[in-house]
Amino acid sequence: MSWESLHLPTVWYILIGVLFTGYAMLDGFDLGIGGLHLFARKDEERRLLLNAIGPVWDGNEVWLVTGGGALFAAFPHVYATVFSGFYLPFILLLVALIFRAVAIEFRSKQPMPWWRQMWDVGFAAGSVGSAFLLGVVMGNIAWGIPLNENCEYIGGFWNLFHPYALLLGVTTVALFMMHGCIYALLKIDGPFHETLRVWVTRCIIFFIICYGITTMATLIYVPHMAARVRAHPWLFGLALVNMLAIANIPREIHHGRDGRAFLSSCVAMVALMSLFGLEMYPHLIYSQPEPAHSLTIYNAASSPKTLTIMLIIAAIGMPIVLAYTVSIYWIFRGKVRLDRMSY
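Residue positions are given per chain, counting from 1 as you read along its sequence in written order. With the structure being a predicted model, the display of local features is reserved for residues of pLDDT at least 70 and the display and counting of side-chain atom pairs for 80 or more, all residues being used for whole-chain, interface and lining totals. Hydrogens and waters are ignored; side-chain quantities use all the structure's heavy atoms.

What follows concerns helix α13 (residues 304-331). Put simply, DSSP H or I for four residues or longer makes a helix, DSSP E for two residues or longer makes a strand, and each gets a number counted from the N terminus. What a helix should span is 1.5 Å times the count of its residues minus one. End to end, α13 covers 40 Å across 28 residues, agreeing with the expected 40 Å (1.5 Å per residue, within 8%). Think of it this way: the bend at a residue is just the angle between two axes, each fitted to seven residues, one set ending at that residue and the other starting at it. Along α13, the helix axis deviates most sharply at alanine 314, where the bend reaches about 30 degrees. Partly exposed describes any residue whose relative accessible area lies between the buried limit of under 20% and the exposed limit of over 50%, with all areas from a 1.4 Å probe on protein chains only and scaled to the type maximum. Where α13 is concerned, the buried positions are Leu307, Thr308, Leu311, Ala314, Met318, Thr325 and Ile328. Contacts between residues were defined by any pair of non-hydrogen atoms, one from each residue, lying within 4.5 Å. Elements that come into contact with the buried residues of α13 comprise α1 (8-36) and α4 (62-74).

Let us now look at unusual backbone geometry. Cis rather than trans, the peptide bond between tyrosine 281 and proline 282 has omega equal to 0 degrees. Along the polypeptide, proline 282 turns up in the loop between α12 (258-280) and β1 (283-285). Cis geometry is adopted by the peptide bond preceding proline 289, which originates at glutamine 288 and carries an omega value of 20 degrees. The phi dihedral of cysteine 151 falls on the positive side, at around 60 degrees, and the residue is not glycine. On the secondary structure map, cysteine 151 appears in the loop between α7 (113-143) and α8 (163-187). For cysteine 151, a relative accessible area of 17% corresponds to the buried category.

Sulfur atoms of two cysteines make up a disulfide when they are within 2.5 Å. Enumeration according to the criterion identifies 0 disulfides in this entry. As a non-bridged cysteine, cysteine 203 has cysteine 181 as the owner of its nearest cysteine sulfur, 4.5 Å distant. Its relative accessible area of 7% is what places cysteine 203 among the buried residues. As a non-bridged cysteine, cysteine 210 has cysteine 203 as the owner of its nearest cysteine sulfur, 11 Å distant. On the basis of relative accessibility, which here comes to 8%, the residue cysteine 210 falls in the buried class.

In structure tokens:
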């Protein structure tokens with residue numbers, strides 16, 4: 001197949017979706033563990049949670065950086081509109097991610113309880129804040145934002161925090177906490193493992209409630225996000241896969257098959273992101289209340305030459321990122337043990 005035969009904007013739409021889905025799956029459990037961090041009562045338990053993600057958390061964030069870079073290269077108009085319209089939320093997200101990273105590294109540098117408690121709060125707040133803001137951004141993209149004829153955002157900061165966006169933010173926190181708790185079950189053994197089994201049930205219930213409310217709100221108040229499935233009933237199979245994957249999580253947890261539960265959680269996240277992408281396509285930024293001002297893969301894409309060159313670079317770079325990710329997880333496989341090199 002030649003480069004000319006590819007529909008390059010669609011290819012890049014899919015690739016960017018893959019990158020952001022990879023970030024959701026990988027950094028999602030990091031953020032989820034951060035949300036659970038303050039529920040641990042003992043210093044040893046909190047150290048176990050930190051060391052469960054210690055070798056991989058910074059590598060997981062590479063997927064977000066790569067996705068942002070790919071968005072800038074392939075759809076610069078979308079990048080400009082999103083980063084100008086969501087400027088303050090993105091600054092808050094950046095601050096939360098930075099503060100979370102600093103907290104991970106600084107937390108165990110001193111033995112004083114007040115010092116560790118301060119960074120524990122910072123780690124938890126940064127993690128929950130990051131997850132919440134990511135959900136708010138997704139909620140606004142799904143709902144639609146006001147754009148003028150030049151595709152520039154014309155709303156205000158507080159307009160971004162409407163009820164549907166806030167609901168998506170809470171649902172994202174719930175999803176990541178469930179995902180993170182399952183990952184912690186895979187990495188932590190001993191008495192704390194049994195505590196995590198109690199937590200994971202509560203996290204699953206929290207997520208399922210949020211997921212059910214969000215689904216109903218989407219069908220009622222955001223009908224364009226279900227239009228493609230209605231028009232093509234065979235796509236309901238993807239929604240069915242999503243529901244079955246979510247339903248399988250408590251089943252696998254009940255039988256003690258934590259690895260399968262984590263795999264089901266990953267499948268659910270892939271299905272959710274796939275449904276989101278299918279319903280948005282070909283829109284990248286949906287304009288509300290003027291859909292004619294929307295940014296799509298057609299009016300926001302870079303030149304075909306740019307997309308072709310970037311696709312070649314991506315074909316070289318993505319296998320390297322995948323190989324690095326797989327190798328890190330393989331090297332640091334197994335249960336967490338605390339020693340003098342631990343956080």
